[in-house]
Amino acid sequence: SSVLRLVIGEGLGLALAGAAVGVALALGLSRLISTMLFGVRPSDPLSYAAIVVLLIGAATLASWLPARRASRVDPTEALRAS
């Protein structure tokens, strides 16, 4: 269970950092693309929240699959292989 938490925690940490940087850049650059948006304000909080939730969900799934596989490995076999 600790291996599972470690792998998922690292994956989610990177995803949250990327989401924070992405939202900051998107808000900063939203004035440039405001003429291309129809029916959505450039700083629509619902759109930003939906995208962040979608990306965090994808990152959770993407880190859970390898974490599950890593948690099934016998520690003595892993140490012997390295």
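Please read these numbers as outputs of a predicted model, since none were measured by experiment. (Residues numbered from 1 in each chain as written. Predicted model: local features only at pLDDT ≥ 70, side-chain atom pairs only at ≥ 80, totals over all residues. Heavy atoms only, no water.)

**A few points about the overall build of the protein**
So, step 1. Each helix and strand counted, the protein has 3 helices and 0 strands in total.
So, step 2. Moving toward the C terminus, one meets the helices and strands of the protein in the order α-α-α.
So, step 3. In terms of C-alpha radius of gyration, the protein reaches 18 Å, well past the compact-globule figure of 12 Å for 82 residues.
So, step 4. On the principal axes, the C-alpha backbone points of the protein span a range of 60 × 20 × 15 Å.
So, step 5. The burial tally for the protein puts 12% of its 82 residues in the buried class. (Helix = DSSP H or I, 4+ residues; strand = E, 2+ residues; numbered from the N terminus. Rg over C-alpha atoms; globule rule 2.2 N^0.38 Å. Buried < 20%, exposed > 50% of the residue type's maximum accessible area, 1.4 Å probe, protein only.)

**Quick notes on helix 2 (residues 45-71)**
So, step 1. Over its 27 residues, helix 2 runs 38 Å from end to end, which matches the ideal 39 Å to within 8%, given 1.5 Å per residue.
So, step 2. Residues Y48, I56, A59, S63 and A67 constitute the buried set of helix 2.
So, step 3. Taken together, the buried residues of helix 2 touch helix 1 (2-33). (Expected span 1.5 Å × (residues − 1). Contact = heavy atoms within 4.5 Å.)

**Topic: the environment of A70**
So, step 1. Counting through the fold element by element, A70 comes out in helix 2.
So, step 2. Placed 66 residues apart in sequence, A70 and L4 show a C-alpha to C-alpha distance of 7.5 Å.

**Some points on a nonpolar patch on the surface**
So, step 1. A surface patch of nonpolar side chains, amounting to about 750 Å² of accessible area, comprises V21, L25, L29, L32, I33, M36, L37 and V40.
So, step 2. Take V40: it is sitting in the loop between helix 1 and helix 2. (Patch = residues over 30% accessible without salt bridge, like charges linked within 9 Å, V, L, I, M, F, W, Y side chains within 5 Å. Areas by Shrake-Rupley, 256 points an atom, 1.4 Å probe, with all protein chains shown as cover. Salt bridge = Lys/Arg side-chain N within 4 Å of Asp/Glu carboxyl O.)

**Remarks on the side chain of S30**
So, step 1. For S30, the location among the structural elements is in helix 1.
So, step 2. Look at S30 and you get buried, because its relative accessible area is 7%.

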